[in-house]
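Next come the chains, spelled out residue by residue.
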Amino acid sequence: MSYPILYFLTDQWRYDCLGCNGASVLKTPNLDSLAADGVRFERAYTTNALCSPARASILTGLYPHHHGQLANTGNFNAVFDRQVLGHKGYFQYLREAGYHTGYCGKFHLGEEGHYSQWYIEDWRTEGDFLKALNQKGITYDFGIHEVQPLEWGKEAVFCGRSVLSERDHHDAWTADQAIEMIERFSEEEEPFVICAGFHGPHFPYAVPAPYDTMYDPELVERWENFDEMFEQKPLVQQKELMRWNTAHLSFKGWQRVVAAYWGYCSFIDAQIGRVIEALKEKGLYEKAMIVFSSDHGDMLGGHRLFNKGFNMYEEDNHIPLIVKLPADATETAGRSCSRFVSLADLAPTFLEAADTAFEEEKPMDGKSLFPLLRQDEGDLKKAWRDEILVEFNGYESTLVTSRMIRDETWKYVYNPFSIDELYDMESDPGELRNLAALPAFAHVMRRMRERMYHCLEEAGDSIVELSLWQSNSYGLIVSPREQ
């Protein structure tokens with residue numbers, strides 16, 4: 001039976017910034033409550049730690065090398081922006097299955113607002129938000145009023161009080177639109193799917209009062225990897241410090257940033273609580289599938305780095321994911337799942353929730369999460385993946401390719417442009433010591449390289465495509481004549 005689907009998509013929310021994921025100071029009561037009624041995934045990962053490629057994977061169920069959105073919209077003269085438009089998204093499949101479809105807030109892909117492309121019938125875009133402010137007599141430009149003073153100002157540390165009030169803030173408006181959609185769609189006989197795309201907690205951390213001062217910076221504990229010296233690390237990571245001008249920031253400065261970020265998370269948690277309450281008032285909470293995730297994480301001073309980008313660290317790629325099924329669909333509420341899952345798994349999950357089949361020339365890379373939601377994961381040892389694959393292809397300033405694979409113990413990063421990375425995730429969870437060049441770990445490198453090769457080959461990534469013209473993929477592949 002098909003049932004309503006409500007998806008909360010945030011931008012740059014770290015895995016460890018949820019109460020239910022172990023945050024000791026940060027408070028997220030509404031998401032914690034949702035996790036108590038659903039399944040909390042301990043090892044969920046993005047497909048790409050960049051907004052547009054990750055969001056395209058959510059929509060299509062494909063890895064970036066398949067859907068073609070390799071960088072953010074507008075990067076490199078938008079050369080990649082239209083490749084994803086040749087693929088169907090989950091909204092189209094569900095619309096064809098009789099669902100009402102709605103989207104409000106940040107989208108960050110091409111053809112925003114166009115029904116003929118994405119099959120979203122009720123669409124509340126960023127432009128609608130600005131119109132709503134204008135109707136209140138508020139002139140607002142995100143770049144001028146928030147980005148420039150907080151990100152590039154003389155005293156900038158990327159955070160501060162938003163010029164907008166709590167009620168006028170973009171993410172409060174997004175919650176308002178989701179509530180209106182619930183009220184309208186609930187009057188119809190057909191089920192609905194709504195995605196609320198929150199802008200935060202993305203930088204600049206422009207947080208409305210009183211959330212901007214909710215947390216004392218002194219309560220932010222020093223990151224275990226803040227003493228990163230980038231020894232035996234790809235040079236591009238140091239270049240990132242230069243690019244964002246963050247090398248001068250002491251941890252005391254980062255404490256201010258993290259405290260503001262926490263306030264932003266609590267603010268969004270409150271907005272999500274409002275939407276869930278509206279769902280309950282309509283008697284739909286027990287009947288609905290509710291999903292919460294981020295598109296990727298945020299370095300937030302880990303390894304001294306800012307934002308996201310040219311690295312494969314956990315802070316960027318490990319994301320929160322909560323899925324609540326209808327009350328009559330599972331008996332596993334409050335359970336956590338330790339299997340590796342991907343953002344690409346969401347689209348096939350939504351399709352199974354809608355009880356609709358799909359056919360496409362290129363099958364989805366993701367797999368429905370329902371086996372993990374409904375069964376004991378111990379029964380799935382052979383039926384589910386034992387590792388996770390993440391890719392990056394560069395953004396804004398340059399195209400730089402890297403691939404990451406990790407299992408329970410090891411993380412291997414293939415950097416064709418630089419030195420490779422190998423981390424022991426059990427003894428070095430902060431990923432400070434790169435073991436790739438050490439002779440003692442040559443056998444681990446050989447095993448992880450072979451494992452990555454087979455995963456990339458299975459995923460159809462042309463980075464490992466063998467032909468008469470290619471015999472060595474920058475060290476990952478060794479041809480028979482070189483062995």
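One can find the structure itself at the top, above this paragraph.
What counts, and at which threshold
Residues numbered from 1 in each chain as written. Predicted model: local features only at pLDDT ≥ 70, side-chain atom pairs only at ≥ 80, totals over all residues. Heavy atoms only, no water. 1 Å grid on protein atoms, 1.4 Å probe; cavity = no way out; pocket = protein on both sides within 12 Å on 5 of 7 lines; lining within 4 Å. Points joined across faces, edges and corners; volume = space filled by probe spheres on them. Helix = DSSP H or I, 4+ residues; strand = E, 2+ residues; numbered from the N terminus. Nonpolar A, V, L, I, M, F, W, Y, C, P; charged D, E, K, R; others polar. Salt bridge = Lys/Arg side-chain N within 4 Å of Asp/Glu carboxyl O. Buried < 20%, exposed > 50% of the residue type's maximum accessible area, 1.4 Å probe, protein only. Disulfide = S-S within 2.5 Å. Phe/Tyr/Trp six-rings, centres within 6.5 Å; stacked < 30°, edge-to-face > 60°. Lys NZ or Arg CZ within 6 Å of the ring centre and 35° of its normal. Contact = heavy atoms within 4.5 Å. Core = buried A, V, L, I, M, F, W, Y, C linked by side-chain atoms within 4.5 Å.

A closer look at the layout of surface pockets
And then number 1: Taken as a whole, the largest pocket encloses approximately 470 Å³ of empty space.
And then number 2: In terms of lining, the largest pocket is formed by 19 residues, of which the most central are Asp16, Glu224, Glu314, His318 and Pro429.
And then number 3: Put simply, the parts of the chain that give the lining of the largest pocket at least two residues each are strand E2 (39-45) and helix H11 (314-317).
And then number 4: The leading source of residues in the lining of the largest pocket is E2, at three residues.
And then number 5: Partitioning the lining of the largest pocket into residue classes produces five nonpolar, four polar and 10 charged.

Some details on the pattern of salt bridges
And then number 1: Counted according to the given criterion, the structure contains 32 salt bridges.
And then number 2: Ionic pairing is found between lysine 252 and glutamate 218, a salt bridge with its closest N-O pair at 3.0 Å. Highlighted residues: lysine 252 in helix H10 (residues 251-281) and glutamate 218 in the loop between strand E7 (205-207) and helix H9 (235-244), separated in sequence by 34 residues.
And then number 3: Look at lysine 252 and you get exposed, because its relative accessible area is 54%.
And then number 4: Among the salt bridges present, the one from arginine 243 reaches glutamate 240, with a minimum N-O distance of 3.5 Å. Here the residue arginine 243 and the residue glutamate 240 both occupy positions in helix H9, the gap between them amounting to three residues, near one helical turn.
And then number 5: What makes arginine 243 partly exposed here is its relative accessible area of 24%.

A word on the state of the cysteines
And then number 1: Taken as a whole, this structure holds zero disulfides when the rule is applied.
And then number 2: With no disulfide of its own, cysteine 104 lies 7.3 Å from the sulfur of cysteine 195, the closest cysteine sulfur.
And then number 3: By relative accessible area, which is 0% here, cysteine 104 ends up buried.
And then number 4: For cysteine 455, which is in no disulfide, the shortest distance to another cysteine sulfur is to cysteine 337 and amounts to 18 Å.
And then number 5: When its relative accessible area of 13% is taken as the criterion, cysteine 455 is described as buried.

Some details on the packing of aromatic side chains
Here a ring pair, both rings aromatic, is described through the centre-centre distance and the interplanar angle of the planes.
And then number 1: Summed over the entire model, instances satisfying the criterion amount to 29 aromatic pairs.
And then number 2: Within the aromatic cluster, the residues linked to one another by ring pairs are Tyr7, Tyr90, Phe91, Tyr103, Phe107, Trp118, Trp123 and Phe350.
And then number 3: Sitting over the face of the ring of tyrosine 395, arginine 243 holds its NZ or CZ atom 4.9 Å from the ring centroid.

Details of the environment of histidine 114
And then number 1: Take histidine 114: it is sitting in the loop between strand E3 (100-105) and helix H5 (115-118).
And then number 2: With sequence-adjacent residues up to four places away left out, histidine 114 is seen in contact with Tyr119 and Trp123.

Points about the nonpolar core
And then number 1: Of all hydrophobic cores here, the largest spans 73 residues; its most connected members are Phe8, Trp13, Tyr205, Leu279 and Phe292.
And then number 2: With 17 residues, H10 is the largest single contributor of residues to this core.
And then number 3: The residues contacting tryptophan 13, other than those within four sequence positions of it, are Leu18, Thr28, Leu31, Pro201, Tyr261, Cys265, Ile268, Phe292, Ser294, His296, Gly297 and Pro320.
And then number 4: Judged by nonpolar contacts, the second largest core, of 47 residues, contains Phe107, Val193, Cys337 and Trp384.

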